[in-house]
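Residue-level structural notes
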Amino acid sequence: MKAFEAFVRQWNLTPDDVFPVVDRFPFRISEHFAGLIQFPGDAIWKQVVPDERELLDAGGWEDPLAEEGLSPVPNLVHRYPNRVLWLVSHECPVHCRFCTRKRRWSDPIPLTEELFQAGLQYIESRSHIKDVLLSGGDPLFLPLSRLDAILSALRAIPHVEIIRIGTRIPCTLPRLVTHRLAKTLARHHPLYVNVHFNHPRELTKEAREACRRLASAGIPLGSQTVLLRGVNDELETVKELLEGLLTLRVRPYYLMQMDLTKGTGHFRTPIATGLKLLAGLRNRISGLAIPHFVIDLPGGHGKVPLIPQQVEGIEGEQLILKSYRGQRVAYPLLEGESGELAGMLKAVQRSP
Ligand SMILES: *Cc1c(COP(=O)(O)O)cnc(C)c1O
Ligand code: SF4
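Numbers given for residues are sequential positions, taken from 1 along each chain in its written order. Whichever chain is written first becomes A and whichever ligand is written first becomes 1, with later ones labelled in order. Only residues with pLDDT of at least 70 are given local features in this predicted model, and only at 80 or more are side-chain atom pairs given and counted; all residues enter the totals for whole chains, interfaces and linings. The basis for the side-chain values is all heavy atoms of the structure; hydrogens and waters are excluded.

**Re the site of ligand 2**
Cys92, Val94, His95, Cys96, Cys99, Trp105, Gly137, Arg168 and His196 make up every residue found near ligand 2. Three categories are distinguished: nonpolar for Ala, Val, Leu, Ile, Met, Phe, Trp, Tyr, Cys and Pro, charged for Asp, Glu, Lys and Arg, and polar for the others, with Gly belonging to the last. Here the shell around ligand 2 is built from residues that sort into five nonpolar, three polar and one charged. It suffices for a single heavy atom of a residue to lie within 4 Å of a molecule or strand for the residue to be listed as near it.

Structure (structure tokens):
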């Protein structure tokens, strides 16, 4: 609360507006991230400063992805057959107001030794689990020795092929990404790190250095960006962010539609916004910089990628496609191909 009081004073906030919000959804910010704010209401501010709309949100669910129900062991979400999401950390240096797991901020479930062993045991006894995704909270916010112990325990399980870490530390507290951290992670290859950046202003000198350290340790980097109203829902902003990430050797992976989390409704953009952004990026920036635009389905049914419609239809033995400039271009089909394809396209286009 002290940090918040200092923040309130610094920015002349009206405490009555924000204190009730902070009671329910605590405030937290790192000095680094606070330093990126240029003026109240800017793209950084909106991501971290409590807003009364968080309490007024009539829609949404506490746990829209049904993670608690899909956890055979607390903190271990098993939604897809061959991979699990393990919430190994319950803290982050910054509380992003749009966070899907904000339900846990005031009621965290720390990974006790008992839960750690239970989670390990669950993974160990299921040889079809090949991919373990560590998240939280922020796994890179754990003490390094603790993180190393978790990674070593996972690496001791022969059927765990891939380890992934989802983190916002390179963006929110980049100085934690030391050579030592990078070297420690690199001892557990194949290990992928997925960083979370939402705005080009987050690509600071320090963030660049953090990504450079990880990439130089041979860690493949991907990114996820949450599409946020008033923060990054314009083409120029997303373009600059994605191109910037690519120069940091980060391959953009997911652009995520807002989850239906209670207290985050004011961040939500129309689906058409994401589709228009993708259409605006396609063929205009490097294909390497273009992420999948996904909706994580409510109820825990998994992620679904959406792509802007570029198929116009079938005419005779030709597929009619729309180019990125809007021209109609015919692509000749193989003999006898059109029947099956028409059926598939009808399934896609059966909207009205
Ligand atoms: C997103 C997610 C994964 C990983 O999905 P990919 O599409 O393979 O990146 C795994 N488990 C859960 C519960 C997830 O939410
Ligand atoms: S860093 Fe991730 S887990 Fe932590 S508050 Fe932000 S969105 Fe939530």
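**A closer look at the nonpolar core**
The definition of a nonpolar core used throughout is a set of buried Ala, Val, Leu, Ile, Met, Phe, Trp, Tyr and Cys residues joined through side-chain atoms within 4.5 Å. Note on exposure labels: buried denotes an accessible area under 20% of the residue type's maximum, exposed denotes more than 50%, and partly exposed covers the range between, all computed with a 1.4 Å probe on protein chains only. Counting residues in hydrophobic clusters, the biggest one holds 84 residues, and the most contacted among them are Trp86, Ile123, Leu134, Leu154 and Leu185. Considering each element in turn, this core owes the most residues, six residues, to helix H7 (residues 144-155). Segments assigned H or I by DSSP are reported as helices when at least four residues long, segments assigned E as strands when at least two residues long, and all are numbered from the N terminus.

**Section: the sheet that holds strand S12 (residues 328-332)**
Pairing between strands is defined by DSSP: at least two bridges between the two strands are required. Taken in spatial order, the three strands of this open sheet run S10-S11-S12, and their pairing is antiparallel. Strands at the two margins of the open sheet, each flanked by one partner only, are strand S10 (311-315) and S12. For this sheet the average axis-to-axis angle between neighbouring strands, irrespective of direction, equals 25°. Across four bridges, the pairing between S10 and strand S11 (residues 318-322) is antiparallel. Bridge assignment links Gly313 to a residue of S11, and that residue is Ile320. Fitted lines through C-alpha atoms give the axes, limited to the stretch in contact for helices. The angle between two N-to-C directions lies from 0 to 180 degrees.

**Focus on the environment of Phe267**
Along the chain, the position of Phe267 falls in the loop between strand S7 (250-256) and helix H12 (271-281). Put simply, Phe267 and Val226 are 41 residues apart on the chain and 9.7 Å apart in space, counted from C-alpha to C-alpha. Should any heavy atoms of two residues lie within 4.5 Å, those residues are considered in contact. Filtering out sequence-adjacent residues up to four positions away, Phe267 remains in contact with Lys46, Arg97, Phe98, Leu227, Leu228, Arg229 and Met258.

**Description of the site of ligand 1**
Neighbouring residues of ligand 1: Val77, Arg79, Tyr80, Arg83, Leu85, Leu133, Arg164, Tyr253, Tyr254 and Lys303. N or O atoms within 3.5 Å of each other form a polar contact, as long as, within protein, one can give a hydrogen and the other can take it, and as long as residues adjacent in sequence are counted only when both atoms are side-chain atoms. One of the side-chain nitrogen or oxygen atoms of Arg83 is found 2.7 Å away from an oxygen atom of ligand 1. The separation between an oxygen atom of ligand 1 and a polar side-chain atom of Lys303 is 3.0 Å. For the shell around ligand 1, the secondary-structure elements that each account for two or more residues are strand S1 (76-80), strand S2 (83-87) and S7.

**Notes on the sheet that holds strand S6 (residues 221-226)**
Ordered in space as S1-S2-S3-S4-S5-S6-S7-S8-S9, the nine strands form an open sheet in which the pairing is mixed. The outermost strands of the open sheet, each flanked by one partner alone, are S1 and strand S9 (303-306). Direction aside, neighbouring strands of the sheet carry axes that sit 30° apart on average. Along the sheet, helix H11 (residues 235-247) makes contact with S6 and S7, crossing S7 at roughly 150°.

**A closer look at the pattern of salt bridges**
Should a side-chain nitrogen of Lys or Arg be within 4 Å of a carboxyl oxygen of Asp or Glu, the pair is scored as a salt bridge. On inspection of all chains with the given rule, the structure shows 23 salt bridges. In this structure, the salt-bridge partner of Asp51 is Arg53, at a minimum N-O distance of 2.9 Å. By relative accessible area, which is 45% here, Arg53 ends up partly exposed. Linking Arg103 and Glu68 is a salt bridge whose minimum nitrogen-to-oxygen distance equals 2.8 Å. Of this pair, Arg103 sits in the loop between S2 and helix H6 (113-124) while Glu68 sits in the loop between helix H5 (53-56) and S1, and the two are 35 residues apart along the sequence. With a relative accessible area of 13%, Arg103 lands in the buried category.

Read these as spatial facts, not as claims about activity.
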